[in-house]
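Below, each chain spelled out in residue letters.
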Amino acid sequence: MSIYQLAAQLGQAIKEDERMIRMEKAKEAYESSEKIGNLMMEYGIQQQALSAMGDGEEIDTEALTRIQDRIDEIYAEITMDPIFKELDEAQTAVNELMETVNNTIMFNATGKTPCTHDCSTCGGCH
């Protein structure tokens, strides 16, 4: 069996993994959420308004503060939404899966455990 066939099998196994399925469902829910879509649109508009304020010679600090406050409110509303939280948690789980898979491949290819940048996982870099 070639390395590419093995990679295709691995890709299929990852696609069928419960963590990947969870992430795909969460992504679909996030992308189809009207509430989040509207908030993202407003977020973009507020960001454009903030950028446009910097183009003028005189800056209205009150307006700047109001826009920045609204951007912060929108951001908080998005990140506190259960749909966003589910997507974030699902993405974290997939990232951890992919890191473990990559580390396993590297260990088997080189005989060395890749550095995780978490010193509790090994005896040291040197």
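Residues numbered from 1 in each chain as written. Predicted model: local features only at pLDDT ≥ 70, side-chain atom pairs only at ≥ 80, totals over all residues. Heavy atoms only, no water.

Details of the environment of Arg70
Here comes step 1: Within the secondary structure, Arg70 sits in helix 4 (residues 61–80).
Here comes step 2: For Arg70, a relative accessible area of 23% gives the class partly exposed.
Here comes step 3: On a C-alpha basis, the gap between Arg70 and Phe84 in space is 19 Å, while along the polypeptide they are 14 residues apart.
Here comes step 4: Each residue touching Arg70, except ones within four places of it in the same chain, is listed here: Glu42 and Gln46.
Here comes step 5: Within polar-contact distance, the side chain of Arg70 engages the side chain of Glu42 at 2.7 Å. (Helix = DSSP H or I, 4+ residues; strand = E, 2+ residues; numbered from the N terminus. Buried < 20%, exposed > 50% of the residue type's maximum accessible area, 1.4 Å probe, protein only. Contact = heavy atoms within 4.5 Å. Polar contact = N/O pair within 3.5 Å; in protein donor to acceptor, adjacent residues only side chain to side chain.)

Quick notes on the pattern of salt bridges
Here comes step 1: Evaluated as defined, the whole model comprises seven salt bridges.
Here comes step 2: We note a salt bridge from Arg22 to Glu86, for which the minimum N-O separation is 2.7 Å. One end of the pair, Arg22, is in helix 2 (residues 18–32); the other, Glu86, is in helix 5 (residues 82–110), with 64 residues separating them in the sequence.
Here comes step 3: In this structure Glu86 comes out as partly exposed when scored by relative accessible area, which is 30%.
Here comes step 4: The salt bridge involving Glu42 is made with Arg70; its shortest N-O contact spans 2.7 Å. One end of the pair, Glu42, is in helix 3 (residues 34–53); the other, Arg70, is in helix 4, with 28 residues separating them in the sequence.
Here comes step 5: Relative accessible area serves as the criterion here: at 25%, Glu42 is assigned to the partly exposed category. (Salt bridge = Lys/Arg side-chain N within 4 Å of Asp/Glu carboxyl O.)

What about the packing of aromatic side chains?
Here comes step 1: Enumeration over the complete set of coordinates arrives at one aromatic pair.
Here comes step 2: Judged by centre distance (6.2 Å) and plane angle (55°), the ring pair of Tyr30 and Phe84 falls under tilted. Of the two residues, Tyr30 is situated in helix 2 and Phe84 in helix 5; the sequence distance between them amounts to 54 residues.
Here comes step 3: Taking the relative accessible area as the measure of exposure, Tyr30 reaches 18% and is therefore buried.
Here comes step 4: Residue Phe84 is classed as partly exposed on the basis of its relative accessible area of 22%. (Phe/Tyr/Trp six-rings, centres within 6.5 Å; stacked < 30°, edge-to-face > 60°.)

Overview of helix 4
Here comes step 1: Counted at 1.5 Å a residue, the expected span for helix 4 with its 20 residues is 28 Å, and the 28 Å between its end C-alpha atoms agrees.
Here comes step 2: Residues Ala63, Ile67, Ile71, Ile74, Ile78 and Thr79 constitute the buried set of helix 4. Looking straight down helix 4, one finds that the buried residues subtend no more than 135° of arc, so they occupy a single side. With respect to the buried face of helix 4, the exposed residues turned more than 90 degrees away are Thr61, Glu62, Arg66 and Met80.
Here comes step 3: Tucked inside the fold, the buried residues of helix 4 contact helix 3 and helix 5.
Here comes step 4: Its side-chain oxygen 3.1 Å from the backbone nitrogen of Glu62, Asp60 forms the N-cap of helix 4. (Expected span 1.5 Å × (residues − 1). Arc of directions from axis to C-beta.)

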